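An overview of the molecular structure
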Amino acid sequence: MTPAARISAAIEVLDAIRAGVSAEQALTNWARRSRFAGSGDRAALRDHVFDVLRRWRSCAVSGGGETGRALMLGALRAQGIDPDTLFTGTGHAPAPLTAAERDGGAPPEGAAALDLPDWLWPRFQAALGAEAEVAAEALRHRAPVMLRVNPRRGTAADAIARLAAEGIVAEPCEIAMNALQVTGGERKIATSSAYLEGVVELQDGSSQAAMERLDVAPDARVLDYCAGGGGKTLALAARAEARWVAHDAAPERMKDLPARAARAGVAVRVMDHAALHAAAPFDLVLCDVPCSGSGTWRRTPEAKWRLTPERLRELTRLQTQILAEASRMVAPGGVLAYATCSVLNEENHDVISYFQCKHPEWNISGQEHWPISRQGDGFFLVQLCRVNG
Ligand SMILES: C[S@@+](CC[C@H](N)C(=O)[O-])C[C@H]1O[C@@H](n2cnc3c(N)ncnc32)[C@H](O)[C@@H]1O
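As the structure is a computational prediction, the values presented were derived from the model and not from experiment.

About the thresholds
Residue numbering note: each chain is counted from 1, following its sequence as written. Note on the predicted model: pLDDT of at least 70 is required for a residue's local features to be given, and 80 or more for side-chain atom pairs to be given and counted; whole-chain, interface and lining totals, by contrast, use all residues. Water and hydrogen atoms were dropped before computing side-chain values, which therefore reflect all heavy atoms in the structure. Runs of E in the DSSP output that reach at least two residues are strands. Runs of H or I that reach at least four are helices, and both are numbered from the N terminus. For this measure, only C-alpha atoms enter the radius of gyration; the expected value for a globule follows 2.2 Å times N^0.38, where N is the number of residues. The buried label applies to any residue whose accessible area, calculated with a 1.4 Å probe on protein chains only, is under 20% of its type's maximum; exposed applies above 50%, and partly exposed to all values in between. By definition, residues are in contact when any of their heavy atoms lie within 4.5 Å. Accessible surface is estimated by sampling points in the Shrake-Rupley manner with a 1.4 Å probe; for residues, cover comes only from the protein chains shown. Here Asp and Glu are counted as negative and Lys and Arg as positive; His is not counted, and neither are the chain ends. All charge positions are set by atom: Lys at NZ, Arg at CZ, Asp at CG, Glu at CD. Here a residue is near a molecule or strand as soon as one of its heavy atoms is found within 4 Å of it. Any pair of nitrogen or oxygen atoms within 3.5 Å is treated as a polar contact; in protein, a donor-acceptor pairing is required on top of that, and neighbouring residues in sequence qualify only through side-chain atoms on both sides. Only protein atoms enter the 1 Å grid used here. Points where a 1.4 Å probe fits but cannot escape make up a cavity, open sets with protein on both sides within 12 Å along at least five of seven lines make up a pocket, and a residue lines them when an atom lies within 4 Å of a point. Grid points are joined across faces, edges and corners, and a volume is the space filled by probe spheres set on the points. Each residue is assigned to one of three groups, with Ala, Val, Leu, Ile, Met, Phe, Trp, Tyr, Cys and Pro labelled nonpolar, Asp, Glu, Lys and Arg labelled charged, and all others, Gly among them, labelled polar. As used throughout, domain bounds are those supplied by an automatic or database domain assignment. Aromatic rings from Phe, Tyr and Trp, taking only the six-membered ring of Trp, are treated as a pair when their centres fall within 6.5 Å; an angle between ring planes under 30 degrees marks them as stacked, one over 60 as edge-to-face, and anything in between as tilted. The criterion for a charge sitting over a ring is simple: Lys NZ or Arg CZ within 6 Å of the ring centre, and within 35 degrees of the ring normal. A pair of strands counts as paired when DSSP detects no fewer than two bridges linking them. Call a crossover right-handed when, viewed with both strands pointing away from you, the route from the first strand across the helix to the second goes clockwise.

**Considerations on the overall build of the chain**
Along its length, the chain carries 18 helices and 11 strands. Relative to its length of 389 residues, the chain is compact, with a C-alpha radius of gyration of 23 Å against a globular reference of 21 Å. Viewed in the frame of its principal axes, the chain has a C-alpha envelope of about 75 × 50 × 35 Å. Across the 389 residues in the chain, those meeting the buried criterion constitute 51%. Restricting the contact set of the chain to residue pairs at least 6 apart, pairs at least 24 apart contribute 69%. Here the chain has roughly 17,300 Å² of accessible surface; of this, 53% comes from carbon and sulfur atoms. Once the 43 positive and 46 negative side-chain charges of the chain are each reduced to a mean point, those two points are 4 Å apart.

Pasting the structure below:
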């Protein structure tokens, strides 16, 4: 496909997204009816679509509208590309610009230029102060591809060499002990032997760093209460010997965990609610709670535009409830860890303050947040201990 034909395809997919189809589904639908497209075309299309999703608002202002066509016009203008060079109408290129399109559009300002909904910008400022603009800007760009080396399967040097042999370029990063940043061959990771044999896992740098902060004593009983796919359990289990238990209110989310754990060389027991209560208490209970994901929106940009104040309130209610439930399963002298991949106070400090207000027997023993950076997403971690054990 020519560069212009890829722009036509992006316009089609963006129109489907506007009509309510999810980005992943819209891309899959397009690929099914476009068998002529090669993997390079599909990758380029995906990049166009996700670049616009991250910058939807500013693209709409620059492009003069919210149709797929206007959004792509805006995206090209933002990159300093003259749309007339691609909107030629020849072959599979988009139709030439109308006079109105050529004269339309304006430079985005304020929250539009930062690609945040108006209601969220003050919340970013409240949470991040002088760093708010940097964070919003970071969310307008692609996320780094980060790997975690599994020390049970080899050293970082081994992993880098194995990845290189399969055309994947990776280098160590200071954000976490076992973190690698991939700078080439990203699309080969999922089929590489290093990944399939558990030498590396895909995991953001900040999540890795946060898991390094949690002390796990030998033979400790550790519960990952919101385990999902089990990424956090596996990160902890890679560096410590303990008794690992994973739970999630949606057990289907953990369906790949036994296979992933086996691949990583660790044993994790998956438990439902009844089994958990019988097995409690635990020395460490981690609550990696459901959240807005505001620290990760460069990976999931649709979520940035979907979040509403009502949904944020629902999430904070759920976070508060999970923290209270989980606290009842912590052994005397144990640690309750609360984590989100959000940068918003409402989901971080406010949830902890409310919890402490209702449960004054819990003290903060450690607290850290990671900004949205070149090596990691926004992440927040608090550790709580009971007063007097
Ligand atoms: C942020 S995700 C967890 C991601 C996971 N820890 C990882 O590293 O891949 C939050 C998880 O919390 C689960 N969840 C939601 N409500 C819950 C509840 N009341 N109790 C336990 N888990 C819950 C969701 O199903 C979801 O899988």
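There's more to say after this.
**A word on the site of the ligand**
The full set close to the ligand counts 16 residues, and Cys226, Lys232, Asp248, Arg253 and Asp288 are the nearest of them. A distance of 3.4 Å separates a nitrogen atom of the ligand from a polar backbone atom of Ala227. In the complex, 81% of the free accessible area of the ligand, which totals 600 Å², lies under the protein chains.

**Structural notes on empty space enclosed by the protein**
In total, this model carries 2 cavities of 30 Å³ or more according to the counting rule given. Counted as a void, the largest cavity has a volume near 90 Å³. Looking at the lining of the largest cavity, the elements that each hand over two or more residues are strand E1 (145–149) and helix H12 (205–213). In terms of residue count, H12 provides more of the lining of the largest cavity than any other element does, 3 residues in total. Within the lining of the largest cavity, the residues separate by chemical class into 6 nonpolar, 2 polar and 3 charged. When we break the lining of the largest cavity down by domain, the ones giving at least three residues each are domain 2 (145–202) and domain 3 (206–386).

**Quick notes on the packing of aromatic side chains**
This model, assessed by the stated rule, comprises 4 aromatic pairs. Residues Trp30 and Phe36 carry aromatic rings whose centres are separated by 6.3 Å and whose planes lie at 80 degrees to one another, so their mutual orientation is edge-to-face. Where Phe355 meets Trp362, the ring centres are 6.3 Å apart and the plane angle is 45 degrees; that geometry is what we call tilted. One exposure class covers both Phe355 and Trp362, and it is buried. When the ring centre of Tyr195 is taken as reference, the NZ or CZ atom of Arg263 above it lies at 4.9 Å.

**Re the pairing of strand E6 (residues 242–246)**
Counting buried residues in E6 gives 4 out of 5 residues, a clear majority hidden from the surface. Here 5 bridges tie strand E5 (residues 220–224) to E6, and the two strands are oriented parallel to one another. Paired with Asp224 across the bridge in E6 is Ala246. In this fold, E5 hands off to helix H13 (residues 231–237), which returns the chain to E6; that crossover is right-handed. The sheet contact formed by E6 and strand E7 (residues 268–270) spans 3 bridges and is parallel. The residue bridging Trp244 from the neighbouring strand is Val268, located in E7. Between E6 and its parallel partner E7, the chain crosses via helix H14 (residues 257–264), and the hand of that crossover is right-handed.

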